Each structure stands twice: as structure tokens, then as C-alpha cells.
Amino acid sequence: QVQLVESGGGLVQAGGSLRLSCAASGRTFTSYTMGWFRQAPGKEREFVAANSRSGGLTTYADSVKGRFTISRDNAKNTVYLQMNSLKPEDTAAYYCAAGTIVAVTRRSGSYDYWGQGTQVTVSS
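Here is what the cut-offs are and how they apply
- Residues numbered from 1 in each chain as written.
- Predicted model: local features only at pLDDT ≥ 70, side-chain atom pairs only at ≥ 80, totals over all residues.
- Heavy atoms only, no water.
- Helix = DSSP H or I, 4+ residues; strand = E, 2+ residues; numbered from the N terminus.
- Rg over C-alpha atoms; globule rule 2.2 N^0.38 Å.
- Buried < 20%, exposed > 50% of the residue type's maximum accessible area, 1.4 Å probe, protein only.
- Contact = heavy atoms within 4.5 Å.
- Areas by Shrake-Rupley, 256 points an atom, 1.4 Å probe, with all protein chains shown as cover.
- Phe/Tyr/Trp six-rings, centres within 6.5 Å; stacked < 30°, edge-to-face > 60°.
- Lys NZ or Arg CZ within 6 Å of the ring centre and 35° of its normal.
- Core = buried A, V, L, I, M, F, W, Y, C linked by side-chain atoms within 4.5 Å.

**Student:** Can you break down the overall build of the protein residue by residue, with the values?
**Tutor:** Assigned secondary structure in the protein consists of 0 helices and 11 strands. Each helix and strand of the protein, ordered N terminal to C terminal, gives the series β-β-β-β-β-β-β-β-β-β-β. The C-alpha radius of gyration computed for the protein amounts to 13 Å, which stays within 12% of the reference 14 Å derived for 124 residues, consistent with globular compactness. Counting only C-alpha atoms and orienting by the principal axes, one finds that the protein spans roughly 40 × 25 × 25 Å. Counting across all 124 residues of the protein, residues that qualify as buried make up 46%. Look at the contacts in the protein between residues 6 or more apart in sequence, and 59% of them connect residues 24 or more apart. When the accessible area of the protein is evaluated, it comes to approximately 6,000 Å², of which 46% is carbon and sulfur surface.

Set out below in C-alpha cells:
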């Protein structure tokens with residue numbers, strides 16, 4: 001089992017940047033594909049980005065491509081989400097997730113463990 005704790009959320013103006021972190025504890029971090037998802041009030045949880053076990057493969061939602069970057073530091077058991085050029089529509093609770101699947105996937109059902117979430121609010 002693995003425990004995930006997100007941090008780094010906050011309030012930022014449109015056009016600004018934030019970096020989210022997700023620290024993992026428990027089983028070997030490199031056993032997991034890592035993903036970021038978000039959920040805005042009244043909306044379903046949606047995929048944001050995912051990163052393979054080695055960090056060599058990534059995939060992004062079209063809405064964040066070119067603005068967000070997912071990365072991981074396996075020595076620190078941490079995955080990051082660098083968010084640049086933030087827009088008000090990026091406002092949501094952001095969750096990191098870990099899955100034992102080999103492939104990099106956008107499907108939330110493929111992830112086994114979830115963090116508690118961190119709030120990101122982008123003002124216009």
C-alpha cells in the first residue's frame with residue numbers, strides 16, 4: 001500500500017504559476033505509474049497528467065498541454081505538477097494518484113491509491 005500527500009496548492013492570479021507536490025510513502029515508489037487529476041465544484045473528476053514509472057513517458061489532457069508539466073523524483077518518492085499560465089478554469093481540487101498499471105493511462109479507475117487533494121484557485 002502507498003500513502004499520498006499533496007501540497008503546494010493556493011490562490012494565484014491568472015497567468016501565474018504554482019507547483020504541486022505529491023509525496024508517497026509505503027511501497028517502492030518506482031512500482032507506480034503516477035497521475036494528477038482535478039475536480040471542480042459540480043463537475044466530474046478529470047484527468048490532468050500522468051507519468052510512467054521511470055518518468056520517461058508522460059501524457060497530458062489537451063486542456064493543459066503546453067502549460068503543465070508532470071515530473072517525478074524517484075529518489076525523493078515525489079511527483080510534481082508544474083502549472084504555468086494558469087487560467088480561472090484551472091480552479092479545482094487537484095489529486096495525485098498511484099497505480100500499479102504498467103501503461104501510462106488517463107483512466108481514473110486504473111489508479112489504486114489517491115491523495116486527499118489540494119485546492120488550486122485562479123482568480124481573473
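**Student:** Can you explain the environment of Pro88? Please cite residues and give values.
**Tutor:** Note that Pro88 resides in the loop between β8 (78–83) and β9 (92–99). For Pro88, the residues in contact, after removing those within four places along its chain, are Ala14, Val122 and Ser124.

**Student:** Could you give an account of the packing of aromatic side chains, with specific residues and numbers?
**Tutor:** The tally for this structure, following the rule as stated, stands at 5 aromatic pairs. Joined through ring pairs, the aromatic side chains of Phe37, Phe47, Tyr111 and Trp114 make up one cluster. Positioned above the aromatic ring of Trp114 is the side chain of Arg45, whose terminal nitrogen or guanidinium carbon lies 4.7 Å from the ring centre.

**Student:** Tell me about the nonpolar core, and please be specific about residues and values.
**Tutor:** Within the largest apolar cluster, 34 residues are counted, with the highest numbers of intra-cluster contacts made by Trp36, Leu81, Met83 and Tyr94. When contributions to this core are tallied by element, the ones reaching two or more residues are β1 (2–7), β3 (18–26), β4 (33–39), β5 (46–51), β7 (68–73), β8, β9 and β11 (118–123). Broken down by element, this core gets its largest block of residues, 5 residues, from β9.

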